[in-house]
Amino acid sequence: MDGIIQIGFFVVLLAIGLFAGRANEQRHFRQLAADEEDLRDIAVSSDRGAAAAGSVRNAALVVGSVVIAEDYFKRVAASLKSLIGGNIMSYESLLERGRREAIVRMKKEARRLGATHVVNVRLETASLSEDWRAQRPMFSAEFIAYGTAVTRTP
Amino acid sequence: MELTTLETVPGKTITRHIGLVQGSTVRSKHAGKDILAGLKNFVGGELKSYTDLLNESRTEALDRMVEQARAAGANAVVNIRFSTSNIAAGAAEVMAYGTAVVVS
């Protein structure tokens, strides 16, 4: 009886992860595509970029960050995939979402400041799931994108 | 106080280098937020309460860094970097560091 309840619990969590998680992910990707299209006029570079030209002003630090977590389906898919090795697709899409979201938020802050470029951008990822209480906690990670927003003067 | 991730402040010149300044803060995810985040974990996606928590921490770390720079007589901090590390017991350290300079 206990076994059946456990299996039932597992199946329900798996189904929630599969359907709600996937719907969430697809909505997030659509949102990201729209935001990125909207923010296309702000140029982002990981080097000095526009600031190298010297004709920029209003330098300001801008930061975008997001904490994102896996769903139950991704967790199970990942642990199955890690038995045979290779790309863990379910995590690749998760990390991509996190990183793109962080960049979008950074660009939104730059737009609020009226900037035209964000230069010297750095990306950071920090795993937050090393929890001492759980044997194998759910994976969650923080993504940060930060850089210097500048306005190019003609 | 001018803050940049560049080695200079665009449009200004550095007249004096003061040196490394840093600020950090350690925050724990409080129990209520942790339980909510635990539930959210089944559907995945953004953990808004953690995003906010770490944003607050980063602002705090940055403030402390700026405080240190100001105390040293700087009016700008260049080459700023952030780092987050997960230390034991569900707490995260957020650190900001950079080089304090005087610009004109």
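Residues numbered from 1 in each chain as written. Chains lettered and ligands numbered in written order. Predicted model: local features only at pLDDT ≥ 70, side-chain atom pairs only at ≥ 80, totals over all residues. Heavy atoms only, no water.

In this section: the sheet that holds strand β2 (residues 14-28) of chain B. Residues and elements named next belong to chain B. Strand order in the open sheet formed by four strands is β1-β4-β5-β2, and the pairing between neighbours is mixed. Edge positions in the sheet fall to β1 (2-3) and β2, since each has one partner strand and no second. Strand direction decides the pairing type here: strand β4 (residues 76-87) and strand β5 (residues 91-103), joined by ten bridges, are antiparallel. Directly across from Val-77, in β5, lies its bridge partner Ala-100. The strands that helix α2 (residues 48-71) touches are β1, β2, β4 and β5; relative to β2, the one it contacts most, it runs at about 145°. (Pairing = 2+ DSSP bridges. Helix = DSSP H or I, 4+ residues; strand = E, 2+ residues; numbered from the N terminus. Contact = heavy atoms within 4.5 Å. Axes fitted to C-alpha atoms, helices over the stretch in contact; angles between N-to-C directions.)

Residues and elements named next belong to chain A. Two numbers describe how helix α2 (residues 72-84) lies on helix α3 (residues 89-112): the axes approach to 8 Å, and their chain directions differ by 130°. Considering the angle they form, α2 stands oblique to α3. Residues Lys-74, Arg-75, Ala-77 and Ala-78 of α2 lie in contact with α3, whose contacting residues are Ser-90, Tyr-91, Ser-93, Leu-94 and Arg-97. Considered class by class, the residues forming the contact of α2 with α3 number four nonpolar, two polar and three charged. (Parallel < 35°, antiparallel > 145°, perpendicular 65-115°, else oblique. Nonpolar A, V, L, I, M, F, W, Y, C, P; charged D, E, K, R; others polar.)

Let us now look at a nonpolar patch on the surface. Together, Met1(A), Ile4(A) and Ile5(A) make up an exposed nonpolar region whose accessible area comes to about 380 Å². Tracing the sequence through the fold places Ile5(A) in helix α1 (residues 2-38). (Patch = residues over 30% accessible without salt bridge, like charges linked within 9 Å, V, L, I, M, F, W, Y side chains within 5 Å. Areas by Shrake-Rupley, 256 points an atom, 1.4 Å probe, with all protein chains shown as cover. Salt bridge = Lys/Arg side-chain N within 4 Å of Asp/Glu carboxyl O.)

Attention shifts here to the packing of α1(A) against α2(A). Between two packed helices, both the angle of their axes relative to each other and the distance between the axes serve to describe the pair. Residue and element names in this part refer to chain A. Interhelical geometry of α1 versus α2 gives an angle of 105° and a closest axis separation of 6 Å. Taken together, α1 and α2 sit at an angle that is classed as roughly perpendicular. Judged by residue contacts, Phe-10, Leu-13, Leu-14, Gly-17, Leu-18, Arg-22 and Glu-25 of α1 engage Tyr-72, Phe-73, Lys-74 and Val-76 from α2. Taken together, the residues that form the contact of α1 with α2 break down as seven nonpolar, one polar and three charged.

All names here are of chain A. The full count for this structure, using the stated rule, is 17 salt bridges over all chains. Ionic pairing is found between Glu-25 and Arg-97, a salt bridge with its closest N-O pair at 2.9 Å. Of this pair, Glu-25 sits in helix α1 while Arg-97 sits in helix α3; the two residues are 72 residues apart in sequence, bridging distant segments of the chain. The shortest N-O distance in the salt bridge between Arg-111 and Asp-41 comes to 2.7 Å. Placement of Arg-111 in helix α3 and of Asp-41 in the loop between α1 and β1 (43-44) is noted, with a sequence separation of 70 residues between them. Overall, Arg-111 belongs to the partly exposed group, its relative accessible area being 33%. (Buried < 20%, exposed > 50% of the residue type's maximum accessible area, 1.4 Å probe, protein only.)

What follows is about the confidence of the model for chain B. Per-residue pLDDT for chain B has a mean of 86; in total, 84% of the residues score no lower than 70. For this predicted complex, the interface confidence comes out at an ipTM of 0.85, alongside a pTM of 0.88. (pLDDT = per-residue confidence, 0-100.)

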